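Structural overview
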Amino acid sequence: MPRRRELFGTLWLLLIAPLAVAQSPVPLDGGTDEPLLPASIAHLPVLIDGKIAYLAEDEDGTSIAHVIGNAFLRIGEPGRGQELRAEEALIWLNTETADGTPYVRLEIALWKDAEVREWAGTVTFGPVLMVTAATTGPIRIEIDEVSFDRPTFSPLYERGRVLREEMHRDDTPHAMRVQSVTQAGGEEGVPAGPPPVIQFRAQGELHGPFATHGRRVLTVTGGTFLSRGEPGSGTLLEIRADNVVVFLPPSASAPSGDQGPADALGGVPVATREGEMPAAEGGESPGDMGTSPESRTTGWADAPQLATGFGDIDVEAVYLEGDVVMSQGPNLIRASRLYYDFVRDRAMILDAVVRSPIPERGVPIYVRAEEIRQLSFNRFSATHAVLTTDEFHTPHYSIGAGYLELVSRPGFESVGAPGAPGTGEYRIRDATFNVGGLTVGYWPALRGRVDTSETALRSVRTGNSDEFGVELETDWNLFQLLDLETPRGFDAEFSLDFYSERGPAAGIDGTYERDKYMGLFRSYVMTDNQRDFLGREREEQPVRSTRGRILLRHRQYLEDDWQLTLEASYISDKGFLEEFFEDEFDNEKDQETLLYLKKQRDNWAFTILLQARLLDFYTQTERLPEFGYFRIGQPLGDSVVWHSANRLGFVRYRPMDQSFQELLRDGRLVGSGSVVRTDSRQELEAPLDIGPLRLVPFGSIRQTSWDDTPDDGGVQRIFGTYGVRGSMYAWKTYPQLTSALWDIDGLRHVIKTDITAWAAHTNRDSHELYAFDENVEGIDEIDGVQVGVRQRWQTYRGRGETRRKVDVLTLDLETGFFNDATGEYKTNGFTSYSRPEESIARNYVNSNTIWRLNDRTALLSEMNYDVNDAELDILNVSVAVERSPRLRYVIGYRFIDESHSDLLGMDLSYALTDKHSLAVRERFDLRRGRTLDFTVALIRRFPRWFSALSFALDEPEDDFGVNLSIWPEGLPDAIIGSRRLTGLVRPAWVAEP
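Every value quoted in this text rests on a predicted model; they were computed, and no experiment measured them.

The subject of this paragraph is the overall build of the protein. Scanning the protein from terminus to terminus reveals six helices and 50 strands. Counting all 993 residues of the protein, 47% fall into the buried class. Surface exposure of the protein reaches about 47,000 Å², of which carbon and sulfur atoms provide 55%.

The structure is reproduced here in structure tokens:
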């Protein structure tokens, strides 16, 4: 009964532990809560949320926050405050004083689909709303991405300042006041302001200005160039075309600078001499959509022959036709005709091609359509459009869109580091996937980011193998398929597969990471009518009609230095993970179901672990629960350091369900009931320095008790260890040693010598106990000594900015000897430096060597010699060579006595031509004289995408397969091979993910 009460109390504590899901607040400004303030000033907190926020100072010194994308503000507590929403919001925050107490005055411009909702239910709508408020409460911002650049690229920034000036006529502070500005004029109620000033250059024949249909216009035939903005900035707009109609405001301003002859109607300059038309920003000629830094212009200072006779004029709009090229930030647009409204930053583009770079993928994206509308500076829409990374007029592959909306986001590398190229988001209705001119797929709606993919399809692979038959594997972006916006830090993939010898299969894999939590989710389900073949000496598993897995791992960072970890794993049968997810089975963390709560601060931690075994084909220890307290490196006085590790809880040993073959091989594994276990290890060490030598004498005492054991019932064990650790550094430099042949420019030799010697005593052997934990019950009375000599030879390589220090040769030697080393261990000897009692008692000599002959050639070796058997247990020797951009290869020999492995291997990739590459992988068993694993792939590079035809032989699993893979350029998630075919070398010209 007492155990059940303790268990119930612990579970209740874990269930009520709070979860914090909000991002870390970034304070903008704050106030104090003082009495005697005017009633018009509130005492409410303010929350600002959205996708992107630009935090800066306005020209008058006021703090501003420009929130782009789902702007949301809350003034007050959740559920009892006013909520403000809009597509964009521009917020001024100014600290003022009333009756000697500071408060914050907020002036908020809500633009597009603006909404203010009172907590009592009253709602105010409008295209544009202006809100003022005053509060002493704290102000915080929860934004996906933050930059500290002033948002001068946005029309709202300039036009919102006009609204703010209007609101300044009333300086009385308000707890919150809402004012509609839908009648103020301009786009959707935003004041248009004065017409923008345009740099205007004309080469051909100019007519006008003259009045027509109530507008003042002028025309130019034979070549025109217009620009707006600062040269070199990310918001510079440049347009050139053969012919143009310029719409002037009612009274155009006279051009600035030196003037040529001007028309008497409006003082607009007329071209007086001939000259070359400058290229638009980006330097593209009419027949080339590529970019050339050498051909970019930075303004009219680059064309002084055209400076006289041309200047700046006020322009409302222009209509251009004939070889129209427009560059706007990173985007380049070509069209036959274009109408641009400079006042509202809107445009109509006919027969258009939009080219936008994607820095994250290293490729551009193209949008082609008969008609493209620019809705604002960074928003475009099109009907019957084509989206692709292929520059050809008829692309090899493309995404067709009945309707497309593309939003370009100004970019920045990180918080406080502006200037990185931007990226973009797209929404598509009636999407089609096209190969050449043929439509091969349809989906009603897609949404995504162009820096991730322009299509929901991430990879597709088809092939044929003896074990799986005809194979088709596809991976899709789940958020894009569902027409959902991808949350920051989240990624989800939907797999849809088919195997003719097995059946259909599907699964969802997802990962996420935010400031307060992180985790992953994996799932897969299939129908299967065949037995697994996992090796010639492996026992066959029974057939299961439905197979699959579910895995969840989540970590939540809580308040007050707590963190919560949850894991849950279900697998249908023992062979499923090894058959379909072999890399995860071999290399990743064990499949477990647990709840782990930890509070860690400074050098101590308190833990609670609740673990259950759901998979009866795995051997695991359950903890029902277990409490722990740990302290590392606690000083006691000036010369002694204390380490402490303590556990208390209920543990249960659950061995796997054994087959007959496993019973013969391993003997019967005996489980336990619920056992109360306490374990406490205390260690003291006293570091001291003797010249260059540091010695650390140490001693530890460990007390462990169990209320049940296999033979004796409840027992206690005392385990003591004492010894010394030591280390010493020595080095010498040889600046005179240089060699062009060996790429050496001076040499520095660094040697570290370390030693560990100890003795241990205990009253219980490990075979008397249940095998709950290897590092608790698995330790035995071992005396030993370990000596290591670790050497580095360093030199300088490279020139100029690439000059750096490198390790030419690394040579580590280590040996370990034990007084009671036996032949019981199946693995190699090992010494634990921090806890020597956990060492593996096999006398050994080990070495690791890396020789970097140059930056593209390295020799590597590893060796372990078992002194007990006087035999070599491990020997690995390999050479890695990279001769970019054509050749890469690794050739190696591996011998592992424990697994009877004696292999010669090679991974090679060779670029045969600019379009074709060959990749080969070979594993040859020297002991048996046969090939174990052989793969050869011919990779073909097409414009913006790749394909690979591979032939694979897996002799241990008796499987031969032919596979065809395709993947677009710039998509790191789409890789060569399937879940069973990994490690194929990439060709030299394929970018690594």
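Next comes the rest of the account.
Evaluation of the coordinates by the stated rule reveals 53 salt bridges. Close ionic contact of Arg117 with Glu115 constitutes a salt bridge, the shortest N to O distance being 3.1 Å. Across the pair Asp560 and Lys599 runs a salt bridge, and its minimum N-O distance is 3.0 Å. One end of the pair, Asp560, is in the loop between β29 (546–557) and β30 (562–571); the other, Lys599, is in strand β31 (residues 593–601), and 39 residues separate them in sequence. For Lys599, a relative accessible area of 11% gives the class buried. Residues joined by salt bridges that share partners form a network here, namely Glu467, Arg502, Asp528, Asp532, Arg547, Asp573 and Glu579.

A few words now on the confidence of the model for the protein. Looking at the protein, pLDDT values average 78 and 77% of them are 70 or higher. The low-confidence segment residues 1–37 (pLDDT under 50) makes 69 contacts with residues lying over four places distant or belonging to another chain. Ignoring residues within four places in sequence, the model shows residues 972–993, a span with pLDDT below 50, making 68 contacts including any to other chains.

Note on placement: Val808 falls in strand β41 (residues 804–818). Separated by eleven residues in sequence, Val808 and Arg797 place their C-alpha atoms 9.7 Å apart. Ignoring sequence-local partners within four residues, the contact set of Val808 consists of Trp793, Gln794, Thr795, Arg797, Ile850, Trp851 and Arg852.

On to the environment of Ser672. Tracing the backbone through its elements, the reader meets Ser672 in the loop between α6 (660–666) and β35 (675–685). Once the C-alpha coordinates of Ser672 and Pro655 are considered, the two residues, 17 residues apart in sequence, prove to be 8.9 Å apart. Leave out the neighbours within four places in its chain, and Ser672 touches Arg652, Tyr653, Tyr770 and Phe772. A polar atom in the side chain of Ser672 sits 2.9 Å from the backbone nitrogen of Tyr653.

A cluster of nonpolar side chains, contributed by Phe934, Leu949, Phe951, Leu953, Phe960, Leu964 and Ile966, occupies part of the molecular surface with about 530 Å² of accessible area. Breaking the nonpolar patch down by element, the ones donating at least two residues are β49 (945–954) and β50 (959–968). When you line up the elements, Ile966 lands in strand β50. With a relative accessible area of 34%, Ile966 lands in the partly exposed category.

Moving on, we get to the packing of aromatic side chains. According to the stated counting rule, one finds 18 aromatic pairs in the structure shown. Taken together through their ring pairs, the aromatic side chains of Phe468, Tyr499, Tyr524, Phe576, Phe580 and Phe581 make up a single cluster. For Arg549, the ring lying beneath its charged end belongs to Phe581, and the centroid distance is 5.2 Å. Taking the ring centre of Tyr833 as reference, the NZ or CZ of Arg725 above it sits at 6.0 Å.

Turning to unusual backbone geometry, a few remarks are in order. The omega torsion across Leu624 and Pro625 is -10°, close enough to zero to call that bond cis. Along the chain, Pro625 falls in strand β33 (residues 620–636). With a phi close to 50°, Asp351 is a non-glycine residue in the positive phi region. Relative to the assigned elements, Asp351 resides in strand β16 (residues 346–358). Its identity is not glycine, yet His384 carries a phi of approximately 50°, on the positive side. Mapped onto the elements, His384 comes out in strand β18 (residues 379–388).

Across ten bridges, strand β45 (residues 887–896) lies against strand β46 (residues 901–911) in antiparallel orientation. Among the inter-strand pairings, Phe895 is bridged to a residue of β46, identified as Asp902. Hairpin connection between β45 and β46: a loop of four residues separates the two successive antiparallel strands, and His900 in this loop has a positive phi of roughly 55°.

One ladder, built from nine bridges, connects strand β12 (residues 237–248) with strand β14 (residues 317–328); its direction is antiparallel. Opposite Glu238, over in β14, you have Ser327 as the bridge partner. Relative to strand β15 (residues 331–341), β14 runs antiparallel, the two sharing ten bridges. Across the sheet, the residue bridging to Val324 is Ala335, located in β15.

Here the focus is the environment of Phe380. Structurally, Phe380 is set in strand β18. Looking at Phe380, the relative accessible area reads 6%, which means it is buried. Spatially, the C-alpha atom of Phe380 lies 9.5 Å from that of Tyr426, the residues being 46 residues apart in sequence. In contact with Phe380, other than residues within four places in its own chain, are Gln328, Asn331, Ile333, Ile372, Arg373, Gln374, Leu404, Glu405 and Leu406.

It is worth spelling out the side chain of Arg74 at this point. Positionally, Arg74 belongs in strand β3 (residues 63–77). Among residues more than four places away in sequence, those in contact with Arg74 are Pro45, Val46, Leu47, Gln82, Glu83 and Arg140.

What counts, and where the lines are drawn
- Residues numbered from 1 in each chain as written.
- Predicted model: local features only at pLDDT ≥ 70, side-chain atom pairs only at ≥ 80, totals over all residues.
- Heavy atoms only, no water.
- Helix = DSSP H or I, 4+ residues; strand = E, 2+ residues; numbered from the N terminus.
- Buried < 20%, exposed > 50% of the residue type's maximum accessible area, 1.4 Å probe, protein only.
- Areas by Shrake-Rupley, 256 points an atom, 1.4 Å probe, with all protein chains shown as cover.
- Salt bridge = Lys/Arg side-chain N within 4 Å of Asp/Glu carboxyl O.
- pLDDT = per-residue confidence, 0-100.
- Contact = heavy atoms within 4.5 Å.
- Polar contact = N/O pair within 3.5 Å; in protein donor to acceptor, adjacent residues only side chain to side chain.
- Patch = residues over 30% accessible without salt bridge, like charges linked within 9 Å, V, L, I, M, F, W, Y side chains within 5 Å.
- Phe/Tyr/Trp six-rings, centres within 6.5 Å; stacked < 30°, edge-to-face > 60°.
- Lys NZ or Arg CZ within 6 Å of the ring centre and 35° of its normal.
- Pairing = 2+ DSSP bridges.

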